[in-house]
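# Architecture at a glance
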Amino acid sequence: MNKNDNILDMLHFLGHSLKNEKKKLFISFILLLGISFFEFNIPQITQKIIDHAIPEKSMSLIFTQVMLLLVCASFLSALTYLSTMMMSRLSQNMITQLRNDLYQHLLGLDFSFFENAKTGDLMTRLTSDVKTLQDLISPQSLKLVSNLFTFIFIYGFMLFQDVTLTLLITLTFPLLYLLNLFFSKHIKQAFRKVRSSTSEINNHLQNSLTSILLIKTFVNEKNESQTFEELNNKNKANYIEAMSYQTIFAPSIDLVNYLGMAIVLLYSGFSITQGRQTIGELVAYLAYLKMLQTPIRSFTQMVSRFQQAVVSYNRIVELYEVQPTVIDRKVPLHLSEIKESIVFDHVNFSYSNGQPILKDISFEIEQGKMTALVGVSGSGKTTITKLLERLYDVTSGQILIDHHPIEDYTLTSLRQHISLVTQDIELIDGTILENILYGSEGKTESEIENAVHAAKLADFVNSLPDNLQTEVGERGIKLSGGQKQRIAIARTFLKNAPLLILDEATASLDNESERYIQASLDSLLSHRTSLVIAHRLSTIQKSDQIIVMEDGRIVETGTHTELLNKSGKYRALYDAQFK
Ligand SMILES: Nc1ncnc2c1ncn2[C@@H]1O[C@H](COP(=O)(O)OP(=O)(O)OP(=O)(O)O)[C@@H](O)[C@H]1O
């Protein structure tokens, strides 16, 4: 894609974003024509006063012309105000819409996308890059368009008045064009570097601020600061490079503009001495020259803004070009109930790196029964649960719910039927209540109360001065592991999904807390279909079925007693824990 294609694509994209704002755009356009008209008229008034009113000593003509000037100036101010207001609204509307769309698109992307994406970079795209695009539809840009209209008006008028002078001034335009061409290329490259180093800073901040415990316990503040300093210096160097192009740009353009002024003074000065021009015309031409130069100057300023916007546009489009693969079928089924079973049928799976993780997995989870997955770390247990939720799709084979592949059901209805409690509890920065209600808004007070009791959370909540309204801090930093766990369990009670997945839900707790939480988990498990992953085999002994995994394969299946009697892998795991 060449540069012009890029710019055209961007304009097309912006045009599309503005499709609901056509009326405002049209009115702004009319206002701009009005602005250009009044700007054009003001030097005419000055010329009339110098060339007619003063030589004729006509006070009344001076007076009427001054009144006319004031009227023109008032209209100019009013129209500028109105058009600026309108454009500000328009740009705000556009940007809000764009940011909403982009966020919605982002949330719809595959889970695997977020594993490879850098959060800081995504944040930069949604904030700074969107803002850069907004700047293009800003009141300042509107001024540029109005300047261009004025340029066309005045250029036409000057050609009509004095072809030679106008053509002489025009000689400076190719020079301006070449300067633009040179600088725009370099400014674009330089700003691309600035953006990418800004993203690196954001990433570093994101990573370090969310790992503050790791930094403090490993006393790594110095290293982190040093890395930050290096990234910051790199960003500074890139910014200085971009700014240095930008700062040479404006004075070079000024120099060419003064050349234009010299041409007018030389030509008109000579014409006046020859009696072919009046002083009033010279003054008007100088004013017009400025009005021709201003658009070129603001145009040159806009070049860098345009270049930055193209860079940002490309980064936004890159995000839009990523399409989710884990999506609903064209005519999906709605999962309303799990009546019979969930079946893994010869499932194979690899993550994006292609390495086989699950190999020929087949088993059945019967409705209302508890299935446990055990096996050494890395054997693929969590991966099975991720496939069941369609965080990834299987590489081959299929997962069936009541004889239909899970891909047939809508993602929403599938995920609504599954609750997941893991060791890593995800809490939002809000109150305990907001965390419990997350995703299940609109529950009644008694439902909430029941969930709090069932999760054995009531004593803890009642001991807090603000009860359920207590803030948990970012990611629940103000809570203990067990408290977080119970909030997650209360949330799961409220969701009330028929299939429950517990992934090492109690692994991080001491025996005392585990026993406490196990009681609340037990009430969560009763009457539900469940898939439980546990390293501590004591918690899964009563499972209806235990599946033993090793290196991505199922190596044994049976009840606790059956597997113990087999004296195989399960027996070995069991003996390792209890002997
Ligand atoms: N997103 C990923 N991309 C690539 N490989 C992954 C990804 N997630 C997990 N793996 C790999 O898949 C394998 C199985 O991981 P999984 O988390 O399913 O194991 P597990 O049995 O649940 O382990 P643990 O008991 O330690 O939680 C591991 O070798 C792991 O490195």
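Fair warning: this is a prediction, and the values are worked out from it, not measured in the lab.

### Quick notes on the site of the ligand
- Lining the immediate environment of the ligand, one finds Glu115, Tyr351, Asn353, Ile357, Gly375, Ser377, Gly378, Ser379, Gly380, Lys381, Thr382 and Thr383.
- With three residues, the top contributor of residues to the shell around the ligand is helix H12 (residues 381–388).
- Considered class by class, the residues forming the shell around the ligand number two nonpolar, eight polar and two charged.

### Looking at the packing of helix H7 (residues 163–170) against helix H10 (residues 221–273)
- For the pair H7 and H10, interaxial distance at closest approach is 9 Å and the crossing angle is 155 degrees. Judged on the interaxial angle alone, H10 and H7 are roughly antiparallel. Of the two possible hands of crossing, H7 and H10 adopt the one that is right-handed. Contacts between H7 and H10 involve Leu165, Leu168 and Ile169 on the former and, on the latter, Gly260, Ile263, Val264 and Tyr267.

### Some thoughts on the domain arrangement of the protein
- Splitting the protein by domain gives domain 1 (3–321) and domain 2 (341–578).
- The centre of domain 1, based on its C-alpha atoms, is set 55 Å off from the matching centre of domain 2.

### Things to note about the nonpolar core
- Grouped together as the largest cluster of nonpolar side chains are 60 residues, with contacts concentrated most on Ala372 and Ala490.
- At six residues, helix H17 (residues 481–495) tops the list of elements feeding residues into this core.
- Residues contacting Ala490, with those up to four places away along its chain left out, are Ile436, Ala451, Val452, Ala455 and Leu457.
- Residues Met10, Met94, Val194 and Met302 belong to the second largest nonpolar core, which totals 23 residues.

Cut-offs and rules
- Starting from 1, residues in each chain are numbered consecutively following that chain's sequence as written.
- Local features in this predicted model are restricted to residues of pLDDT 70 or higher, and side-chain atom pairs are both shown and tallied only at a pLDDT of 80 or more, whereas totals for entire chains, interfaces and linings draw on every residue.
- Residues are counted as near a molecule or strand when the C-beta atom, derived from backbone positions, lies within 6 Å of that molecule or strand.
- What counts as a helix is a DSSP run of H or I of at least four residues, what counts as a strand is a run of E of at least two, and both are numbered from the N terminus.
- Under the scheme applied, nonpolar residues are Ala, Val, Leu, Ile, Met, Phe, Trp, Tyr, Cys and Pro; charged residues are Asp, Glu, Lys and Arg; polar residues are all the others, including Gly.
- Axis definition: a line fitted to C-alpha atoms, over the contacting stretch in the case of helices. Angles run 0 to 180 degrees between N-to-C directions.
- Convention used here: angles under 35 degrees read as roughly parallel, angles over 145 as roughly antiparallel, angles from 65 to 115 as roughly perpendicular, and any remaining angle as oblique.
- Left-handed describes a crossing whose near helix is turned anticlockwise from the far helix through less than a right angle; right-handed describes the clockwise counterpart.
- Two residues qualify as being in contact provided that their C-beta atoms, derived from the backbone, are within 7 Å of each other.
- The domain boundaries here were taken from an automatic or database domain assignment.
- Definition of nonpolar core: a set of buried Ala, Val, Leu, Ile, Met, Phe, Trp, Tyr and Cys residues joined via C-beta atoms within 7 Å.
- Here exposure depends only on C-beta density: within 10 Å of a residue's C-beta, 20 or more other C-beta atoms make it buried, 12 or fewer make it exposed, and intermediate numbers make it partly exposed, the C-beta atoms being placed from the backbone.

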